Amino acid sequence: MRRRTMAISTIAAAALALSMVGSTSGSAADGKLAPYDKAHAGGVVKLVAAAAAGTIDPKVNYTGQYWQLFQATYDGLLSFSYGTGKTTFEVVPDLAEALPKISNGGKTLTFKLRKGVKFSNGKEVTVADVKASFERIFKVSSPTAGSFYNGIVGATACLAKPATCDLSKGVVVDPATNGVVINLTAADDAILSKLAVPHAVINPASAPSKDAGTTLIPTTGAYMFKSYSPTKSLIMVRNPYFKEWSHDAQPQGYPDEIDYNFGLTPTAQVTAVENNQANWAYDPIPADRLNEIGTKYVNQVHVNPLTAMWYLPMNVNIAPFNNVKARQAVNYAIDRAAMVKIFGGTQLAAPVCSFLPPNFPGHVDYCGYTKGGTPEKPAKAWTAPDLEKAKALVKASGTAGQPVAIVVSDDDVNKQMGVYLQSVLNSIGYKATVKPISGNIQFTYIQNTKNKVQISVTQWYQDYPAASDFLSVLLGCQSFTPNSDSSINMAGYCNKAIDAKMAKAIALGVTDPTAANKLWGAIDQEVMKDAPVAVAFTPKQLDFISSSTKNYIFSLQYKMFVSQLQVK
Amino acid sequence: MSLQESASVTFSESPGRIALRTLSRDKRSWVALTVLAIIFLLALFAPVYSHFVAKTDPFASSLDATVLIHGESKPVLEPSTTGLGLGVTPIGPTWSTKYFLGADSQGRDVAARLLYGGRNTLFIGITAGLITIVLSLLIGLIAGYRKGWVDSILSRLLDVIWAFPVYLLAISLSVVLLTSGLTLGFLHFGPGSMALPIVIIGVVYVPYVARPIRGQVLALREREFVRAAVGSGAKHSTIVFREILPNVLPSVLVFIPIMVALSMLTESALSFLSIGVQPPSASWGTIINDGLGLLYTRPWVAISPGLMIVLTAAALNLYGDAVRDALDPKTRARSDS
């Protein structure tokens, strides 16, 4: 059973990674991180972004912007490897001494906690911290509590009453042996990956039982947070108690300090990088600067494929998108090639309409919403929008003329997407408006049913390489929590029959990953018949670094390794 | 003309007629009116330009559109072909009927949007400016004439509005009302309604005009001719409309072009911040916002509405100066001599 589970991770990761090897400059040929070179240690890495990404609590924050930093600051029992290429999705032991011993038909995972690892406050990491950290996932209502960790014994009660969460039976610890046993209600083929993401990191047992917000929680990784002001900056410095225990899981970092400054417009970020005033710009490069950096700064530009998607969740519980025909109309109407143009062109994105991204486990090349295709008889790929069919569906749905507000983040690319969608929705018979709101809050705003969001523009970047991370997480019933900011199923879609098939696919993945992936592919097509979302395109990651920045390494899991950048 | 003849002409004409004559002789007023007339005409004929000349819908995204330039079909949004091939750039000014000023990021004709944007900016500017003037005149007359507790209440109300920086107040009101809409009695303005910026701008400037009017009315109320009217038992309405209002009107007339210019600038600022005119509608402010992301490659998208704002505001201020000089006997005397 254990080998099988491992096989799943390895097969999926290898297939994915081999097909998507990005540009890197600091990793060995086997995809492993090169040995630490002390000569390049020191200096300050300066990162810039337009806005902060909200809470700094690793169990609550669900953004790529901070997950990129959490890898260098926090550790779980397991972690994704600091590797590239074929090792990019490899799960490696981190605070655990080794990968878990899996028994009881995949339902019991036995770990041994490493000894001698200390938090940045000087206190040693104990098994009590491990248990408290898993309970904290539920106490702080982590966005993935109901989707990733609902299989832990006792999780159901914790989800119902987070404040009094008790996982005594789900996470059994033994201080004498430093042993940790995680008991699951059912085998989960992606459990190792789920334990390797930031929501499963180990915090001190004394960490607050609610979202820490801007309060800095002690870290175990190579860096700790020194200060955080969401309107100004986030400063990371070396963790004084850190001693490298695994070069794969938590390698020593190069810069002495990492300063993340907020408030610069995307175009100012580009200029700052061009002038060596910043090492890297977080936000998408503005459209009018792309050609410039693509011609003048060719050696400083890194373009890497991503397992991600831009998509439009449509609220299936309120008008007009509580009507399946209205949702299908949107799917037919959007010109995915046009959206790719807004994003920056074909070098930076590709149109898709399946839910699972290309090269992802379970992905099937199909498109039910294209000219010449239907959800029942899909075409092989998206070719063009079908406005006539869209208009006919809107008419048939009886929703024509209804007002639709499109909620987008207020950065330039998202706003342009919103304006484009408004044009499309107006053309098929709706009265559309665009509602741009701050990128700081848009992602949580569109999750909360209280805000009555009808349709929005958002993105999803994989948490781990398994189909469940897209289908189950984004469209599973357990991911929909009404009136909560942590309801990642933004469409509010809950189809019990499909949910049962997802559970079957997860269970099947433990024993037969190939059959499971085939089932996921079928689920993908079935879900898209209901069209709770419209998938637009799969983006590529464009990193623009300054000429003084060396050792750029890209991982599909966490993108650029911030701690491995060299400025000395 | 002898001094006696001049004096007889002057005394036989009403002050209004004299002001009009002075204004008609002022070259500044003609320059300003000519510029304003051209801009108004261009804005008025926006649908004609859009439909018959540019042959485009300026409110619909046209990301896949093409345009014929010198017999060659070119995409309105051109993908980069140099270096790494990153980015898509909207077509620049063609200086021909289609895409005269180029396209924006949505592939829309900037020239057509500029004209439509002018309609909205001018409409909001004029309407909001007039609302400010009418409300200010009403409040100034009532507060200044009634004095006492009525004046106290109205003045404090103005103080409250005045306490906020005008742009901060306009932005705050816009942000709130843009999501909820506005209900005034039986009138309801939806979240995206153009009436919202009109009402907001119309209200936030009231203290700036009502205060001086009130002061003027307070002074006029103590003048002999008003006291004589009161003493002769004239009705309040007669005193206000026959004795006081005609003496306040010159100031009000000077305020009109200034307030229209200020309202127009405020509208552009709010629209630039995405809290004024809502997409897909355009105003000069929204077009500048559209052009912000194209400053490096297609600066005309932002520059052209900026120029229109500058021209219109300058023309309105120039005309305001001319009106002020025409209505001010001292200035008139100086210019006559």
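Residues numbered from 1 in each chain as written. Chains lettered and ligands numbered in written order. Predicted model: local features only at pLDDT ≥ 70, side-chain atom pairs only at ≥ 80, totals over all residues.

Undergrad: In this structure, what is going on with the overall build of chain B? I would like to understand it.
TA: Within chain B one finds 14 helices and six strands. Along the three orthogonal principal directions, the C-alpha set of chain B runs to about 85 × 55 × 30 Å. Buried positions account for 40% of the 337 residues belonging to chain B. For chain B, long-range pairs separated by at least 24 residues make up 67% of all intrachain contacts whose partners lie at least 6 apart in sequence. (Helix = DSSP H or I, 4+ residues; strand = E, 2+ residues; numbered from the N terminus. Buried ≥ 20, exposed ≤ 12 C-beta atoms within 10 Å, placed from the backbone. Contact = placed C-beta atoms within 7 Å.)

Undergrad: Even after reading the chapter, I still don't get the overall build of chain A, so can you show me in this structure?
TA: Looking only at helices and strands, chain A has 15 helices and 21 strands in total. Against the 2.2 N^0.38 benchmark of 24 Å for 568 residues, chain A shows a C-alpha radius of gyration of 23 Å, consistent with a compact globule. Expressed along its principal axes, the backbone C-alpha trace of chain A runs to roughly 65 × 55 × 40 Å. Each of the 568 residues in chain A was classed as buried or not, and the buried ones make up 60%. Restricting the contact set of chain A to residue pairs at least 6 apart, pairs at least 24 apart contribute 71%. (Rg over C-alpha atoms; globule rule 2.2 N^0.38 Å.)

Undergrad: How should the interface of chain A and chain B be read in this particular structure?
TA: How big an interface is tends to be stated in terms of the accessible area lost upon association of its parts. Taken together, the contact pairs 31 residues of chain A with 28 residues of chain B. If you list the elements that add at least two residues to the side of chain A that touches chain B, you get α7 (287-296), α9 (336-343), α11 (412-427) and β16 (431-437) of chain A. Broken down by element, the side of chain A that touches chain B gets its largest block of residues, nine residues, from α7(A). Of the residues contributing to the side of chain A that touches chain B, the split by class is 13 nonpolar, twelve polar and six charged. (Nonpolar A, V, L, I, M, F, W, Y, C, P; charged D, E, K, R; others polar.)

Undergrad: Please clarify how α7(A) should be interpreted in this entry.
TA: Side chains of residues three or four places apart in an α-helix project in the same direction, reflecting 3.6 residues per turn. In terms of burial, α7(A) is largely enclosed, as seven of its ten residues are buried. If you check which residues of α7(A) are buried, you get Ala287(A), Asp288(A), Arg289(A), Leu290(A), Asn291(A), Ile293(A) and Gly294(A). Summarising the contacts, the buried residues of α7(A) are in contact with α6 (266-274), β12 (301-305) and β19 (533-544) of chain A together with β4 (88-90) of chain B.

Undergrad: Honestly, the environment of Ala111(B) in this entry has me stumped. Any pointers?
TA: Residues and elements named next belong to chain B. Tracing the backbone shows Ala111 in helix α5 (residues 110-146). With 27 C-beta atoms counted inside 10 Å, the residue Ala111 sits in the buried group. Counting along the chain gives 146 residues from Ala111 to Pro257, while the straight-line C-alpha distance between them is 26 Å.

Undergrad: How should I be thinking about the pairing of strand β7 (residues 179-183) of chain A in this particular structure?
TA: Residues in a regular strand point their side chains to alternate faces of the sheet. Residues and elements named next belong to chain A. Because side chains alternate across β7, one face comprises the buried residues Val180 and Ile182, and the other comprises Gly179, Val181 and Asn183, none of which is buried. In this sheet, β7 lies alongside strand β5 (residues 108-112) in antiparallel orientation, the contact comprising five bridges. Opposite Lys112, over in β7, you have Gly179 as the bridge partner. Sheet analysis places strand β6 (residues 171-174) next to β7, joined by four bridges and oriented antiparallel. From the neighbouring strand, Asp174 faces β7, where its bridge partner is Gly179. Where β6 folds back onto β7 in an antiparallel hairpin, the turn is made up of four residues, including Asn178, whose phi is positive at roughly 60°. (Pairing = 2+ DSSP bridges.)

Undergrad: Would you mind showing me how to read unusual backbone geometry here?
TA: Excluding glycine, residues mostly have negative phi values, and the peptide bonds linking residues are mostly trans. Each neighbour pair has its own omega, and for Ala319(A) with Pro320(A) the value is -5°, a cis peptide bond. As for its position among the elements, Pro320(A) is in the loop between β13 (308-313) and α8 (324-333). With an omega of 10°, the peptide bond running from Pro279(B) to Pro280(B) counts as cis. Tracing the chain through its elements places Pro280(B) in the loop between α11 (236-272) and α12 (284-292). The phi dihedral of Lys452(A) is positive, around 50°, even though this residue is not glycine. Summarising the element assignment, Lys452(A) is placed in the loop between α12 (442-445) and β17 (455-456). Positive phi, close to 70°, is recorded for Ser274(B), a residue that is not glycine. Inspection of the secondary structure puts Ser274(B) in the loop between α11 and α12.

Undergrad: Explain the nonpolar core here, please?
TA: In globular proteins that are soluble, nonpolar side chains generally tend to be buried together. Residue and element names in this part refer to chain A. One finds Leu47, Met339, Leu471 and Ala534 to be the most contacted residues of the largest nonpolar core, which totals 260 residues. Shared between two domains, this core takes at least three residues from each, and those domains are domain 1 (2-260 + 545-564) and domain 2 (308-541). Ignoring anything within four residues of it in the chain, the contact list for Met339 reads Ile334, Met417, Tyr420, Ala536 and Phe537. (Core = buried A, V, L, I, M, F, W, Y, C linked by C-beta atoms within 7 Å. Domains from an automatic or database assignment.)

Undergrad: Can you help me understand the sheet that holds strand β8 (residues 223-229) of chain A in this one?
TA: One key point about sheets: their strands pair by backbone hydrogen bonds, in either a parallel or an antiparallel sense. Residue and element names in this part refer to chain A. Ordered in space as β8-β9-β10-β1-β11, the five strands form an open sheet in which the pairing is mixed. Only two strands of the sheet have a single neighbouring strand rather than two, namely β8 and β11 (280-281). Pairing analysis gives five bridges linking strand β9 (residues 233-238) to strand β10 (residues 257-262), with the strands arranged antiparallel. Across the sheet, the residue bridging to Met236 is Ile258, located in β10. Packed onto the sheet, helix α2 (residues 64-73) meets β1 (44-49), β8 and β9 and runs at close to 140° relative to β8. (Axes fitted to C-alpha atoms, helices over the stretch in contact; angles between N-to-C directions.)

Undergrad: Looking at this structure, how should I read the environment of Leu265(B)?
TA: All names here are of chain B. As for its position among the elements, Leu265 is in helix α11. Between the C-alpha atom of Leu265 and that of Ala313, which follows or precedes it by 48 residues, the distance is 7.7 Å. Residues within four places of Leu265 in sequence aside, it is in contact with Ile309 and Ala313.

Undergrad: Honestly, the sheet that holds β5(A) in this entry has me stumped. Any pointers?
TA: Residue and element names in this part refer to chain A. Strand order in the open sheet formed by four strands is β4-β5-β7-β6, with antiparallel pairing between adjacent strands. For this open sheet the edge positions go to β4 (101-103) and β6, each flanked by a neighbour on one side alone. Along the sheet, successive strands turn relative to each other by an average axial angle of 20°, direction set aside. The sheet contacts of helix α3 (residues 127-139) involve β6 and β7, and relative to β6 the element is tilted by about 170°.

Undergrad: Where do I start with the confidence of the model for chain B in this structure?
TA: If pLDDT is low for a region, its predicted coordinates should not be looked at in detail. Of all residues in chain B, 94% attain a pLDDT of 70 or more, and the chain-wide mean is 91. On the interface metric, ipTM, the complex scores 0.83, and its pTM is 0.81. (pLDDT = per-residue confidence, 0-100.)

Undergrad: How should the packing of helix α2 (residues 15-25) of chain B against helix α13 (residues 300-327) of chain B be read in this particular structure?
TA: Describing two packed helices takes the angle between their axes plus the distance from one axis to the other. Residues and elements named next belong to chain B. At a minimum axis separation of 8 Å, α2 and α13 run at an interaxial angle of 135°. Viewed along their axes, α2 and α13 adopt a mutual orientation that is oblique. Here α2 runs over α13; the crossing is right-handed. Touching Ala19, Thr22 and Leu23 of α2 are Ala322, Val323, Ala326 and Leu327, all from α13. (Parallel < 35°, antiparallel > 145°, perpendicular 65-115°, else oblique. Left-handed = near helix turned anticlockwise from the far one by under 90°.)

Undergrad: Just to check I follow, could you spell out the domain arrangement of chain A for this structure?
TA: Residue and element names in this part refer to chain A. What the domain assignment reports for chain A is domain 1 (2-260 + 545-564) and domain 2 (308-541). Placing the centre of domain 1 and that of domain 2 at their C-alpha centroids yields a distance of 29 Å. With 34 residues of domain 1 at the contact, the number on the domain 2 side is 31 residues. Elements that contribute at least two residues to the side of domain 1 that touches domain 2 include exactly α1 (2-19) and α5 (191-196). With nine residues, the top contributor of residues to the side of domain 1 that touches domain 2 is α1.

Undergrad: Quick question: what am I supposed to make of the packing of α8(A) against helix α10 (residues 387-397) of chain A here?
TA: Residues and elements named next belong to chain A. Running from N to C, α8 and α10 cross one another at 165°; their axes reach a closest spacing of 8 Å. Judged by the angle between their axes, α8 and α10 are roughly antiparallel. Of the two possible hands of crossing, α8 and α10 adopt the one that is left-handed. On α10, the residues that touch Lys325, Ala326, Gln328, Ala329, Tyr332 and Ala333 of α8 are Leu387, Lys389, Ala390, Leu393, Val394, Ala396 and Ser397. Taken together, the residues that form the contact of α8 with α10 break down as nine nonpolar, two polar and two charged.

Undergrad: Looking at this structure, I do not really get α5(B). What am I missing?
TA: Residues and elements named next belong to chain B. Here α5 is 37 residues long and its end C-alpha atoms lie 52 Å apart, about the 54 Å a rise of 1.5 Å per residue gives. Most of α5 sits inside the fold, with 26 of its 37 residues counted as buried. Downstream of α5 by one or two residues, Lys147 has phi in the positive range, about 50°. (Expected span 1.5 Å × (residues − 1).)

Undergrad: Is there a simple way to think about the pairing of β8(A) in this case?
TA: With six bridges joining them, β8(A) and β9(A) adopt antiparallel strand pairing. Paired with Ser227(A) across the bridge in β9(A) is Ile235(A).

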